[in-house]
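# Summary of the model geometry
Chain by chain, the residues run as shown.
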Amino acid sequence: VAEETPRSSFGKATPAVVEALRAACGPAHVITSAEERRPYGKDETEDLWFDPEVVVRPRTTAEVSAVMRVATEHRVPVTPRAGGTGLSGGALPVRGGIVLSIDRMNAILEIDRENLVAVVEPGVVTQKLQEACEAVGLYYPPDPASRGSCTLGGNVAENAGGPHAAKYGVTKDFVLGLEAVLPDGGVVRPGGKLLKNRTGYSLAQLLVGSEGTLAIVTKIWLKLIPLPRVRRCMLVPFPSLESAAAGVSRIYRAGLYPSALEFMERNAIRFASEHLRIPVPGGDAEALLLLEFDGNREDAVEADLERAGEVCLEAGGIDCLLPDGPTKQEDLWKVRRAIGEAVKKTSVYKEEDTVVPRAALPALVRGVKEICGKAGISVVCYGHAGDGNLHCNVLRMDMDEKAWNERLPGVVEEIFRLTVSLGGMISGEHGIGWSQRRYLPLALPPEEIAAMRAIKRAFDPLGILNPDKMLPE
Ligand SMILES: Cc1cc2nc3c(=O)[nH]c(=O)nc-3n(C[C@H](O)[C@H](O)[C@H](O)COP(=O)(O)OP(=O)(O)OC[C@H]3O[C@@H](n4cnc5c(N)ncnc54)[C@H](O)[C@@H]3O)c2cc1C
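Source: prediction; values computed, not measured.

Calculation notes
- Residues numbered from 1 in each chain as written.
- Predicted model: local features only at pLDDT ≥ 70, side-chain atom pairs only at ≥ 80, totals over all residues.
- Heavy atoms only, no water.
- Helix = DSSP H or I, 4+ residues; strand = E, 2+ residues; numbered from the N terminus.
- Buried < 20%, exposed > 50% of the residue type's maximum accessible area, 1.4 Å probe, protein only.
- Polar contact = N/O pair within 3.5 Å; in protein donor to acceptor, adjacent residues only side chain to side chain.
- Contact = heavy atoms within 4.5 Å.
- Salt bridge = Lys/Arg side-chain N within 4 Å of Asp/Glu carboxyl O.
- Near = heavy atom within 4 Å.
- Areas by Shrake-Rupley, 256 points an atom, 1.4 Å probe, with all protein chains shown as cover.
- Nonpolar A, V, L, I, M, F, W, Y, C, P; charged D, E, K, R; others polar.

## Looking at the side chain of glutamate 179
By the element assignment, glutamate 179 lies in strand 8 (residues 175-181). Judged by its relative accessible area of 4%, glutamate 179 is buried. Side-chain polar atoms of glutamate 179 contact the side chain of arginine 189, separated by 2.7 Å. The residues contacting glutamate 179, other than those within four sequence positions of it, are Thr61, Val187, Val188, Arg189, Ile216, Val217, Thr218, Lys219 and Trp221.

## Re the pattern of salt bridges
This model, assessed by the stated rule, comprises 32 salt bridges. For glutamate 352, the salt bridge is made with lysine 350, and the minimal N-O distance between the two is 3.6 Å. Exposure remark for glutamate 352: the relative accessible area of 0% places this residue in the buried category. Two residues, arginine 437 and glutamate 473, come together in a salt bridge whose shortest N-O distance is 3.6 Å. Of this pair, arginine 437 sits in the loop between helix 13 (401-421) and helix 14 (440-443) while glutamate 473 sits in the segment after helix 15 (446-459), and the two are 36 residues apart along the sequence. The buried category is assigned to arginine 437, whose relative accessible area is 5%. Three or more residues are tied together by salt bridges with common partners; here these are Glu46, Lys350 and Glu352.

## Description of the site of the ligand
The ligand sits among 34 residues. The nearest are Pro80, Ala82, Thr85, Gly86 and Ser146. At 2.6 Å from an oxygen atom of the ligand is found a main-chain nitrogen or oxygen belonging to proline 80. Separating an oxygen atom of the ligand from a backbone N or O atom of glycine 90 is a distance of 3.3 Å. Protein chains bury 95% of the 980 Å² of accessible surface belonging to the ligand in isolation. Looking at the shell around the ligand, the elements with two or more residues in it are strand 3 (78-81), helix 5 (152-158) and strand 10 (216-223). For the shell around the ligand, the class distribution of residues is 14 nonpolar, 15 polar and five charged.

Keep in mind these numbers describe shape, not what the thing actually does.
Encoded structure:
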């Protein structure tokens, strides 16, 4: 297989292919009409849209396997799709072909309270599993801000993070095992309920974060932990972006370990609070930190919060605002989770998902503002500061389209070069997908990209599974 499969070498979703897909999944679950196909051509990445030739919605692993056998036989490209909330275009059918939606594979199969393991199908919405766990005193921490609409399959494919990754880690830290269908229709089941497993290569971990380019995940074994009984938040306004960013590493240096530590600049909060009509105190400051501590003892959590407040004030924080009661806390989280959507409503934008070592955050924030300022482009920054993960949303606002198209690529490249120069990477959690693949060589040396291409070829010699994703042309 050449580095990139030429467009002409793929087959089309001919009537024979569609017939075979109907036989595989049942006629009701094969979508061919242009109108019904339409929503499957986009995700949440900018305003990109590609028309799939056909959409299939299998219900079982055997059906997924049958679809892949048809695709292999006819060399038709297949794009796996879950909740469609991705921000790097991973679920876009950029080569047409088949969109394989796992939305019907949405059962929570088991919550094993003795082994603290959940077994789920990939189409389960993340928040649904979290609520089912909480109902029995257990906790599944990875919580992308999109948790109400993204799925566990999509989270595995993207190795999703979220605010609570600051203490608990990202999706990979909770995946114990997977069942997955390979491009030729074969099925693998690495891992399971084992908390340790050193038997052969860690195939399950290789598939986590592979963005649907190596295999289609059909079942997931996830580690659970006991639900912390106490959770407290604090909002700290800062006079400048840099002082807020510098406050982050001071909190860790003081021996504190928050369960969440989010950074939001003024406009990010303003857009979201106006969008939801939920007022946020301290919203006039240049930037805010949202801190959360959790645990089982009220006094211990309160003591951490108090100490964190002192550290933030020493770092230049203006005030320590404590929301009174769970409702107000939940309001703060609602506003935080709505920032992405609110930014999207405000302007055409391009989101960069930079990540740097935590202590480099002030330099990153300063540099991003300088780069965008020089280009006369607006940018709004927010993100999971506890992980050093800063989302930089470059906004078009009222700039004319020509100037935007001319200046944007240079700005994105400069932001990525700065990120890498600070020891960072060009995606912390949203993945490379379609929209960032051309920037991969800025971050990774040729040897690493070559090793990744070899892995792709080993799993998918025909190159039919999610082509043109992640690896550069
Ligand atoms: C408002 C908003 C907030 C967000 N906040 C966060 C956040 O805090 N943290 C974070 O990490 N992300 C965040 N995201 C990004 C997005 O929600 C995550 O990447 C999420 O994991 C995508 O899940 P999904 O089910 O929507 O997958 P999709 O978008 O449908 O697909 C994502 C990728 O997974 C592949 N895929 C889907 N299902 C499978 C499968 N069964 N097997 C193999 N591959 C598959 C697709 O081909 C694609 O490459 C946010 C997005 C939005 C819109």
